[in-house]
Each structure stands twice: as C-alpha cells, then as structure tokens.
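These are the residues of each chain, in order.
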Amino acid sequence: MSFINYSSREINCKIVYYGPGLCGKTTNLHYIYKKTNPDSKGKMISLATETERTLFFDFLPLALGEIRGFKTRFHLYTVPGQVFYDASRKLILKGVDGVVFVADSQVERMEANVESVENLRTNLTEQGYNLDAVPYVIQYNKRDLPNVVPVAEMRSSLNPRSVPDFEAIASDGTGVFDTLKAIAKLVIMELKKGQEGG
Amino acid sequence: MIGSDLVMYEEEFKQIDAELQRLLTQSNAKVVFLVDKNGQLIAATGETENLDTTSLASLTAGNIAATGGMAKLLGEKEFSILFHEGQRDNIHISIIGQRVILVVIFDQRSSLGLVRLRVKKSADVLGGIFNQLLQKVEQGKGPAKGADSPFAEITDEDIDKLFG
Ligand SMILES: Nc1nc2c(ncn2[C@@H]2O[C@H](COP(=O)(O)OP(=O)(O)O)[C@@H](O)[C@H]2O)c(=O)[nH]1
Ligand SMILES: [Mg+2]
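So, a few notes on the structure that sits alongside this text.

Rules behind the numbers
- The residue count restarts for each chain, going from 1 along the sequence in the order it is written.
- Labels follow written order: the first chain is A, the first ligand is 1, and so on.
- For a predicted model such as this one, the threshold for reporting local features is a pLDDT of at least 70, and the threshold for listing and counting side-chain atom pairs is 80 or more; totals across whole chains, interfaces and linings nevertheless cover every residue.
- Remark: hydrogens and water are excluded; side-chain values derive from all non-hydrogen atoms of the structure.
- Near residues are defined by distance, with any heavy atom within 4 Å of the molecule or strand qualifying the residue.
- The term polar contact refers here to a pair of N or O atoms within 3.5 Å; inside protein, the definition further demands a hydrogen-donor-capable atom paired with an acceptor-capable atom, and it admits residues adjacent in sequence only when both atoms are side-chain atoms.
- Residue-level accessible areas treat just the shown protein chains as cover; the underlying method is Shrake-Rupley with a 1.4 Å probe.
- Under the scheme used here, helices are H or I runs from DSSP no shorter than 4 residues and strands are E runs no shorter than 2 residues, and both carry numbers assigned from the N terminus.
- Any residue outside Ala, Val, Leu, Ile, Met, Phe, Trp, Tyr, Cys, Pro, Asp, Glu, Lys and Arg is labelled polar, Gly included; the first ten of those are nonpolar and the last four are charged.
- In this scheme, strands are said to pair when DSSP sees at least two bridges between them.
- Helix axes are fitted to C-alpha atoms over the stretch in contact, other axes to C-alpha atoms as well, and angles between N-to-C directions run from 0 to 180 degrees.
- Working rule for contacts: check all heavy atoms of both residues, and any pair within 4.5 Å makes them a contact.
- Definition used in this section: a nonpolar core is a set of buried Ala, Val, Leu, Ile, Met, Phe, Trp, Tyr and Cys residues joined via side-chain atoms within 4.5 Å.
- With a 1.4 Å probe rolled over the protein chains alone, any residue whose accessible area is under 20% of its type maximum counts as buried; one over 50% counts as exposed, and the rest are partly exposed.
- Aromatic contacts are taken between Phe, Tyr and Trp rings whose centres are within 6.5 Å, Trp giving its six-membered ring; a plane angle under 30 degrees counts as stacked, one over 60 as edge-to-face, and the others as tilted.
- By definition, being over a ring means that NZ of Lys or CZ of Arg is both within 6 Å of the ring centre and within 35 degrees of the ring normal.
- Summed over both partners, the accessible area (1.4 Å probe) lost when two parts come together is defined as the buried area.
- Salt-bridge detection follows one rule: a side-chain nitrogen of Lys or Arg within 4 Å of a carboxyl oxygen of Asp or Glu.
- Any angle from 65 to 115 degrees is called roughly perpendicular, while one under 35 is roughly parallel, one over 145 is roughly antiparallel, and all others are oblique.
- Two helices cross in a left-handed way if the nearer one is turned anticlockwise from the farther one by less than a right angle. They cross in a right-handed way if the turn is clockwise.

**Topic: the site of ligand 1**
Residue and element names in this part refer to chain A. Within the structure, ligand 1 sits among 14 residues, and Leu 22, Lys 25, Thr 26, Thr 27 and Asp 144 are positioned closest to it. Residue Gly 24 places a main-chain N or O atom 2.9 Å away from an oxygen atom belonging to ligand 1. The protein chains hide 74% of the 580 Å² of surface that ligand 1 would expose on its own. With three residues, the single largest contributor to the shell around ligand 1 is helix 1 (residues 25–35). Residues of the shell around ligand 1, tallied by class, amount to five nonpolar, six polar and three charged.

**Some words on the sheet that holds strand 3 (residues 41–46) of chain B**
Residue and element names in this part refer to chain B. The strand order across the open sheet built from five strands is 3-2-6-5-4, with neighbouring strands paired in antiparallel fashion. Here the strands that pair on one side only, and so sit at the sheet edges, are strand 3 and strand 4 (81–85). Taken pair by pair, the neighbouring strands of this sheet meet at an average axis angle of 10°, ignoring direction. Set on the sheet, helix 1 (residues 10–26) makes contact with strand 2 (31–36), strand 3 and strand 6 (100–106); between it and strand 3 the angle comes to about 40°.

**Digging into the nonpolar core**
Within the largest apolar cluster, 62 residues are counted, with the highest numbers of intra-cluster contacts made by Tyr 17, Phe 74 and Leu 76 of chain A together with Ile 16, Leu 34, Ile 42 and Leu 102 of chain B. Take this core: its biggest share by element is eight residues, from helix 5 (residues 176–195) of chain A. Dropping the residues within four chain positions of it, Leu 76 of chain A is found in contact with Ile 15, Tyr 17, Leu 29, Ile 32, Asp 58, Phe 59, Leu 60, Leu 62 and Leu 180 of chain A.

**Description of the pairing of strand 2 (residues 10–18) of chain A**
Strand residues, when the strand is regular, have side chains that alternate between the two faces of the sheet. Residue and element names in this part refer to chain A. Here strand 2 lies mainly inside the structure; nine of its nine residues are buried. The pairing of strand 1 (residues 3–5) with strand 2 spans three bridges and is classified as antiparallel. Pairing of Phe 3 across the sheet is with Asn 12, part of strand 2. Taking the residues between adjacent antiparallel strands as the criterion, strand 1 and strand 2 are bridged by four residues, where Arg 9 takes a positive phi near 55°. Pairing between strand 2 and strand 5 (residues 70–78): eight bridges, direction parallel. Looking at strand 5, one finds that Val 16 is bridged to Tyr 77. Pairing geometry for strand 2 and strand 6 (residues 98–104), over four bridges, is parallel. By the bridge assignment for strand 6, Ile 15 is matched with Gly 98.

**Side note on the packing of aromatic side chains**
To describe a pair of aromatic rings, one takes the distance between the centres and the angle between the planes. Evaluated as defined, the whole model comprises seven aromatic pairs over all chains. Consider the rings of Phe 83 of chain B and Phe 106 of chain B, whose centres lie 6.1 Å apart with planes at 15°: the pair is stacked. Of this pair, Phe 83 of chain B sits in strand 4 while Phe 106 of chain B sits in strand 6, and the two are 23 residues apart along the sequence. Accessibility expressed as a relative area gives 2% for Phe 106 of chain B, which makes it buried. Through pairs of rings, three or more aromatic residues link up here, namely Phe 56, Phe 57, Phe 59 and Tyr 77 of chain A. One residue, Lys 14 of chain A, lies across the ring of Tyr 77 of chain A, its end atom 4.7 Å from the ring centre. Just above the ring of Tyr 33 of chain A sits the side chain of Lys 41 of chain A; from NZ or CZ to the centre is 4.1 Å.

**Quick word on the interface of chain B and chain A**
At the interface, 40 residues of chain B touch 47 residues of chain A. For the pair chain B and chain A, the summed buried area comes to about 4,100 Å², and 64% of that belongs to carbon and sulfur atoms. On the chain B side of the contact with chain A, Phe 151, Leu 162 and Phe 163 of chain B bury the most area, a combined 18% of that side's loss. The interface formed by chain B and chain A includes two salt bridges. We note a salt bridge from Arg 68 of chain A to Asp 158 of chain B, for which the minimum N-O separation is 3.0 Å. There are six residue pairs in polar contact (both at pLDDT 80 or more) connecting chain B and chain A.

**Some points on the pattern of salt bridges**
The tally for this structure, following the rule as stated, stands at 22 salt bridges over all chains. In this structure, the salt-bridge partner of Lys 37 of chain B is Glu 78 of chain B, at a minimum N-O distance of 3.6 Å. Of this pair, Lys 37 of chain B sits in the loop between strand 2 and strand 3 while Glu 78 of chain B sits in the loop between helix 2 (53–73) and strand 4, placing them 41 residues apart in sequence. Linked through salt bridges whose partners overlap, the residues forming this network are Asp 86, Arg 89, Lys 90 and Glu 126 of chain A.

**Comments concerning the packing of helix 2 (residues 86–93) of chain A against helix 3 (residues 110–126) of chain A**
All names here are of chain A. Where helix 2 contacts helix 3, the two axes come as close as 9 Å, and the packing angle between them is 55°. Comparing their axes, helix 3 and helix 2 come out oblique. Between helix 2 and helix 3 lies a crossing of right-handed hand. Counted together, Asp 86, Arg 89, Lys 90 and Leu 93 of helix 2 and Asn 119, Leu 120, Asn 123, Leu 124 and Glu 126 of helix 3 form the full contact between these two elements. Residue composition of the contact of helix 2 with helix 3, by class: three nonpolar, two polar and four charged.

This is the structure in structure tokens:
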C-alpha cells in the first residue's frame, strides 16, 4: 500500500524481501545500505537475535530521487526466515507494494525455497493479495558456491510465472541492485496503473 | 488488492498538522507524530530535529502490528493504546480509526493523565479528517485521478534515472 502525499510531494512504497532462513535477505539490504550515498538513506534497523538472525525485521528507508517532481522513497523490509517466525512474517507483509523472493541456490536448500514460496503465497492470500498479481521478482542468490542448482532448474520450480529473475552473489553485491531496480520499476508501474482511470 | 493506497492532499495535511501542533502544546509534549499502519510517517511536529522519525515510524508500526497479533491470540480486537515508560522520556501510542497511529513523546513536564486526556480529544478530530480524506479519495475528487495525475506520464526512463 503506497502512500502518496500531494502536500509534501512524496511517494512512499514498501518492498519486502522474502525467502528461507539464511538465503541472504539481510545481506542484500546491507549491501544496498553500504553502497547508497549517505543523504539518500536512513538508518538501517535490524531487529535481530544476538547471533544476527533476523528476529522481527530489518528496515532500510531509501530516498531514491524524484519522479515528476515527487520524492520517491522505498522502505525495504526483510522477514525472518525460520519457519517458527510465521506470525511475524505475516505482519510484515501488511501493506506491501512489491516482493523480492531471495532463493538460496544451494542444492540442499531447494526444498526450503519451495516451501518458502508456498508460505509466501499463503500469507499474501491471508492479507488479501495474490502472488500472481503483486509486483514480484526473484533472485537466485549464492551463485558463487560450488553446489548450486542450475538456473534453468531453479526457474522451472520457483518461477512458473516468468517474473523478472536475477542471479546474485549478495555477499559481494552481484545482482543486488539489478534486483532492487527491477522491483522498484514494477512497483512504480503498478502505481501508474492504479492511478489511470481508476 | 486490499484497501486502497493512502493518499494525502494539501487541505487535509494542513488540518492534520494544525491538530498535531495543538496536541503538542496542550499536552506539553516533546514530539507528536502520526504514522500509517504500514510504518510510513504522515506528519510530525515538535522537537524532531535530532530524532530519526522515519525509523521511529517503522518501529511504531511494527510494535502495533506485534501487539495486534497478540490481541488476536487473546481474542481481543486490538489493543488501542500502548504506553512505554522510560527513565526520561515516555511514549504514548494510540490507534485512530483503525488506520493510523498517533504517537506522543513526553517527559516530566507532562503526565500520562494529561496526555491521555488530550489524545482522546485529538483522536476525534483526526478521525474526522481521515474520514473526509477517505471520502475524497473514493469519490475521486482529489488530484490523484484524471489528467493531472503525475503518474500517468511515468516512463521507464524516469525510473532508470532514480538509480543514477
Ligand atoms: N557464499 C555466499 N554467502 C552468502 C551470500 N549471500 C549471503 N551469504 C551468507 O549467508 C549467511 C546468511 O545471510 P543472511 O543475509 O543473514 O540471511 P537471511 O536469513 O536471509 O537474512 C551469511 O553468513 C551471509 O554472509 C552469497 O551470495 N554467497
Ligand atoms: Mg535476516
């Protein structure tokens, strides 16, 4: 649910990074934070356990610049990946404008990926959204590791709708901004659709 | 998609801002701000210069969402007021019209009783403004719809430019 403020001429959108535990969601946000110039980002907030596992969410506000005289802000959130944090995941999906699914490319994590997409679909449905309609991109992360599943195979099990997808190595930044840019684009285009004739 | 996007127009923004300022003065508070339930800051007033209001807004919404989840588990609809007491500053959080969150930060120059009283009054006023805003959006009276919408013209190029 975007927030369009005609008074201060701002658009705020909410993007959620979803995926199984340890797939690299927080790492994506860390990289974006590191590479964004100081005056266009707010503080990155991590509600994490002492061992750096995301407990509730990470939050990174990004001010990207202007579109047609409107300051454009994206609020990036990650969800906790572990199965038992499902209640928190649902809360974070509230009011989402776009979803990035981060998949862990390692062979032994494929089952977790598939489960997590199903969980995403269920939780979105509960909030009144449809995964097949919401702005959505997929990232195949950890491509640097030796035991990865071929992209074609990941695609066929995780991306039947052929949404934009990207290979990534979030830990060195590869593919991170391509992913962000793609979801930002879809979200803004959706906003445009919503405003036309609606 | 569920609900509609939150839209804010000049007229209502001014009314909201005026009400927040009134609340700030009458309750002797340090900071007063308004957040939507998704964590986006709508307006803020008071000693905000050294305050990270964007982060506060997100965490406030997270807080309300988490307590809302707890409420549901207990069979409550929601907990409409939260209060956090610190050594120096206190935070009073209340839900208005099930949609927006009003936050008042105050110290020993004020009191919980005073804040509660003033918040109650402002909640009615703010609730009214948001109803008016919703009606406007639903009836398509605002500038969002029609030819003067800034979004109708957005191109791929505009978006590419955002990332420099
Ligand atoms: N080799 C490799 N490790 C990664 C990559 N992305 C993230 N990691 C590591 O995977 C672990 C979990 O990442 P994290 O971002 O906390 O996962 P989250 O649970 O999805 O937030 C960390 O140790 C990261 O350094 C990657 O592309 N390649
Ligand atoms: Mg994490």
